[in-house]
Amino acid sequence: MRIKEEPYYCESGKEKSVFEHCSKNKLPLLLKGPTGTGKSRFVEHMAYHLGRPIYTVACHEETSATDLLGRYIIQGGETVWIDGPLTKAVKEGAIIYLDEIAEARPDVIVAIHPLTDFRRTAYIDKLGVEIEAHEDFMFVASYNPGYQRGFKELKPSTRQRFVALSFDYPSEKLEAEIVMRESGVDAASAKKLTKLATKIRNLTELRLTETVSTRLLVDAAKLIAGDLPPRLATEVALVEPLTDDPHTLQALRDIMSVMI
Ligand code: ADP
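Residues numbered from 1 in each chain as written. Predicted model: local features only at pLDDT ≥ 70, side-chain atom pairs only at ≥ 80, totals over all residues. Heavy atoms only, no water.

(A) A look at the pattern of salt bridges. Under the counting rule described, the total for this entry stands at twelve salt bridges. Shared partners join several salt bridges into a network, and the residues in it are Asp117, Arg119 and Arg161. (Salt bridge = Lys/Arg side-chain N within 4 Å of Asp/Glu carboxyl O.)

Right, dumping it as structure tokens:
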């Protein structure tokens, strides 16, 4: 897919420059960090700037090498081969973005190995062919290193194949800017939402599996910008999605009612 309009991305560090250098040096890039911190948006932004098509695959526990490389299908009584997104990216010189790569089946990791080192080739076992990657092909993956929370780990030997960038929640000032830009909410509401997020993120005793992401703030802000009362908007878009535990929910509501 080619991205036609520039996706808005607010840079926190030097990530754009790192991406460009990886692209120039044909190095695979791993984006590490919690969900909703702008990883996908960043890759789309960079694909636009580098003028490359992008193929995104949201990996889950059933994602297999076949899903990425391709498969035979029956079409009008004939068996035809259909390239998967990885094969398309390799041939066309696109960016492949494997979101949450650690969730995928182990054969995915095996399939990407020859693409993430000096070989830069894809081996399609079902066809018995090896394809050399196009000059402009770039491999990008993301993963959520939730080591304390029982998320799937990426093996160190796989991790070490990549240049890696850590993503985290932006500073309150940048986050308020993102929230305003993405939702059209006023500055005062954006500031309140980001302050609430910081407060919740610092309360580790709540033991949330995943804490407030920028995505949740943007969702709450969109509802507020659309005239839903701010407390109701924050409750449904930010508090409720965080947990199902009644005590934690009540604690979150209490904090919210003081701050919103
Ligand atoms: P991830 O891929 O890390 O799960 P996304 O890229 O999907 O997160 O980000 C979720 C949403 O949060 C985006 O759609 C966007 O509205 C917002 N967002 C988060 N960080 C940024 C950022 N740095 N610049 C612009 N938007 C951002």
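(B) Examining the pairing of strand β1 (residues 29-32) more closely. Bridge analysis of β1 against strand β8 (residues 138-143) gives four bridges, and the strand direction is parallel. Bridge pairing links Leu31 to Ser142 in β8. Here four bridges tie β1 to strand β9 (residues 163-166), and the two strands are oriented parallel to one another. Each bridged residue has a counterpart across the sheet, and for Leu30 the counterpart in β9 is Ala164. (Pairing = 2+ DSSP bridges. Helix = DSSP H or I, 4+ residues; strand = E, 2+ residues; numbered from the N terminus.)

(C) Highlighting the nonpolar core. Counting residues in each nonpolar core, the largest one holds 31 residues, and the members touching the most others are Leu86, Ile96, Leu98, Phe137 and Phe139. Mapped onto this core, the elements with two or more residues apiece are β2 (54-58), α3 (65-69), α4 (85-92), β5 (95-99), α5 (106-112), β6 (121-124) and β8. For this core, the leading source of residues is α5, giving four residues. Not counting chain neighbours up to four residues away, the residues in contact with Leu86 comprise Leu68, Leu69, Ile96, Ile112, Leu115, Phe137 and Phe139. Core analysis: the second largest hydrophobic core is formed by 27 residues, Ala197, Leu206, Leu216 and Leu217 among them. (Core = buried A, V, L, I, M, F, W, Y, C linked by side-chain atoms within 4.5 Å. Buried < 20%, exposed > 50% of the residue type's maximum accessible area, 1.4 Å probe, protein only. Contact = heavy atoms within 4.5 Å.)

(D) Region of interest: the domain arrangement of the protein chain. When its domains are assigned, the protein chain resolves into domain 1 (15-166) and domain 2 (172-259). Its C-alpha centre places domain 1 at a distance of 32 Å from the equivalent point of domain 2. Together domain 1 and domain 2 conceal approximately 560 Å² of surface at their shared face, both sides included; 38% is due to carbon and sulfur atoms. Joining domain 1 to domain 2, the criterion identifies one salt bridge. With a shortest N-O distance of 2.9 Å, Arg41 and Glu182 are connected by a salt bridge. At the junction of domain 1 and domain 2, the tally comes to four residue pairs in polar contact (both at pLDDT 80 or more). Tallied by class, the residues present in the side of domain 1 that touches domain 2 amount to one nonpolar, three polar and two charged. (Domains from an automatic or database assignment. Buried area = accessible area lost by both parts, 1.4 Å probe. Polar contact = N/O pair within 3.5 Å; in protein donor to acceptor, adjacent residues only side chain to side chain. Nonpolar A, V, L, I, M, F, W, Y, C, P; charged D, E, K, R; others polar.)

(E) Structural context of unusual backbone geometry. Even without a glycine there, the phi angle at Lys26 is positive, about 55 degrees. Along the chain, the position of Lys26 falls in the loop between α1 (15-24) and β1. Overall, the relative accessible area of 31% leaves Lys26 in the partly exposed class. A positive phi angle is found at Asp227, which is not glycine, with a value near 80 degrees. Inspection of the secondary structure puts Asp227 in the loop between α9 (214-225) and α10 (230-239).

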